[in-house]
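Listed below, chain by chain, are the residues.
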Protein chains: 2
Amino acid sequence: MILTVTLNTALDLTYAVPALTPHTTHRVTDVAERPGGKGVNVARVLAALGHETVVTGFAGGPTGEVLRGLLAPLPVRDALVPTSDATRRTVAVVDTATGDATHFNEPGPVITPAEWAALVSSYEELLAGARAVALCGSLPRGVHVGAYGELVRRARRAGVPVLLDTSGEPLRRGIAARPDLVKPNADELAALTGSREPLRAARDARRRGAHAVVASLGPDGLLAVTPDGTWTAAPPARVAGNPTGAGDSAVAGLLSALVEGEPWPRRLARATALATATVYARTAGEFDAARYGELLERVTVTEHATAA
Amino acid sequence: MILTVTLNTALDLTYAVPALTPHTTHRVTDVAERPGGKGVNVARVLAALGHETVVTGFAGGPTGEVLRGLLAPLPVRDALVPTSDATRRTVAVVDTATGDATHFNEPGPVITPAEWAALVSSYEELLAGARAVALCGSLPRGVHVGAYGELVRRARRAGVPVLLDTSGEPLRRGIAARPDLVKPNADELAALTGSREPLRAARDARRRGAHAVVASLGPDGLLAVTPDGTWTAAPPARVAGNPTGAGDSAVAGLLSALVEGEPWPRRLARATALATATVYARTAGEFDAARYGELLERVTVTEHATAA
């Protein structure tokens, strides 16, 4: 199975309004509730691809109960660790006329030392059955900033390939623990390295400890700098749509192809096709399965001679 | 005891953000959860004034559970009727720099015929012990538009004074059932009668069936047109602050003074002082108790010779 870790899970609410006008009252015409957080999104895509998937991280309070209730019918196993504080909500207000979204993210729970210890203990047990692990998203309050470094080291000690997808100081500290793969977007990579030149920045990220770097460059696709070579992967055309969740779908593509033993070019093609099919989908974070099949044949993967 | 009915209760969330910028992502710096809906607000103020208070209406789903959990420590009795659909949320996004609020109101549950029947049955039992009843706010989906008319008639049959505070068609239909008192604001009164001249409109509302009309005119205070006379009540000065909940505090003032046997001028003074003390309070919907005491002495109530 593939394990995804979401320390700061969320109950994602999407509110449809005709148009957002600050400092007025809006009647919400439609409400959607989804289990959220980056690792939960990754797990949903992995499950859709037919992989046995386990979700861990934290969930608590009434919002955590709703989150778990929404996970229950999905083909992913819930191994979330209970917390006394409540899981955060995120609210995305979508203007129905334009599709533009305005996001409000609650700060989330404060995790106690005992809850963190329970998570680490459960994580160790789950690693024994995992073929790969993804560590995804922000850290909740109360969890030490080196938490991802600790989880990376434990995965490596267990011999399980580990992907880290976070930002800021948690990324900086996590990368030093030598994860197999990091998947920053252009902004996260620039914040880490100080360079907005993706190839230069990705090489810098490798020097900081990542064995391989796959940078998501939005509509330009992916740049991979690995011990085996350097590649770019681009979708067949620029896509208009909602990019929410595209990065999480890319992570699912990379991990699923990794555990299937696919070589880098096929991992990148899959990740690019899934990310693009997610932008096409009408519901944020879902992917359009028919488009995915078409796109997989039409992604262009180019190897670059430049030394990694 | 005083009974308040809130058919469309809400879990009120207040999000603090530095400033609302449409189509961007906001980190919410503070989250407050309160039990909401107009009759719940009225009950909270009645309880603070020392009145035994019972809250009925509908609550369901995880949001309804949270609402009831937040009601539990308050000195009001929870007689809410369970629903299978979930209670709505409202989200108020407040810019911390300016205090300006942007509101998002979920549509709320769909009430089944069996749930409505359960409410009516419970309401009849509660009326037997009630000295007054307030019917407050919008109707949830599934409840017939004449619902307030039905609840007004049952209160009158039980000999319990009934105040109706709603708007639109539910007000139009409810007023025809001859409530003892309606408390529209200027906009609601204009929508009902077609007149923006408050005295003319209030007289029209009486002709439509209300025994007495107390119109809340924002910073100008209250206008009362009753069988006993016509009065205006004005706060000592215009107040800057958050008017959320001021109308609900006015309802609590009117009802509490009614059951205490106070004459109209003292009912109006209390309602005006409570509404003004609510605008002063830092938390939306709370009232500043010290200010209330001061204001009560300083509200100006003027009787008008004009025939009601």
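For the structure, check the block above.
This section reports on the structure supplied with the text. Nothing here was measured: the structure is a model prediction, and the numbers come from that model.

This part is about the pattern of salt bridges. All names here are of chain B. Scanning the model with the defined rule gives 32 salt bridges over all chains in all. Ionic pairing is found between Arg-196 and Asp-187, a salt bridge with its closest N-O pair at 2.7 Å. In this structure, the salt-bridge partner of Arg-238 is Asp-220, at a minimum N-O distance of 3.0 Å. Linking Arg-238 in the loop between strand E15 (229-234) and helix H8 (246-259) with Asp-220 in the loop between strand E13 (212-216) and strand E14 (222-226), this pair joins segments that are 18 residues apart in sequence.

Before going further, it helps to spend a moment on the interface of chain A and chain B. Taken together, the contact between chain A and chain B spans 29 residues of the former and 29 residues of the latter. A buried area of about 2,400 Å², summed over both sides, lies between chain A and chain B, and 61% of it is on carbon and sulfur atoms. It is A:His23, A:Arg89 and A:Phe104 that lose the most area in chain A upon contact with chain B, and together they represent 26% of the buried surface on that side. Applying the counting criterion to the chain A and chain B interface returns two salt bridges. Viewed at the interface, chain B and chain A are joined by 16 residue pairs in polar contact (both at pLDDT 80 or more). Elements with a minimum of two residues in the side of chain A that touches chain B: strand E2 (10-17), strand E3 (25-27), strand E4 (30-36), helix H2 (61-71), strand E8 (88-95) and strand E9 (101-105) of chain A. The element that contributes the greatest number of residues to the side of chain A that touches chain B is E9(A), accounting for five residues. The residue inventory of the side of chain A that touches chain B, partitioned by class, reads 15 nonpolar, eight polar and six charged. Strand direction decides the pairing type here: E3(A) and strand E9 (residues 101-105) of chain B, joined by three bridges, are parallel. Bridge assignment links A:His26 to a residue of E9(B), and that residue is B:Phe104.

Reading the values: rules and limits
Residues numbered from 1 in each chain as written. Chains lettered and ligands numbered in written order. Predicted model: local features only at pLDDT ≥ 70, side-chain atom pairs only at ≥ 80, totals over all residues. Heavy atoms only, no water. Salt bridge = Lys/Arg side-chain N within 4 Å of Asp/Glu carboxyl O. Helix = DSSP H or I, 4+ residues; strand = E, 2+ residues; numbered from the N terminus. Contact = heavy atoms within 4.5 Å. Buried area = accessible area lost by both parts, 1.4 Å probe. Polar contact = N/O pair within 3.5 Å; in protein donor to acceptor, adjacent residues only side chain to side chain. Nonpolar A, V, L, I, M, F, W, Y, C, P; charged D, E, K, R; others polar. Pairing = 2+ DSSP bridges.

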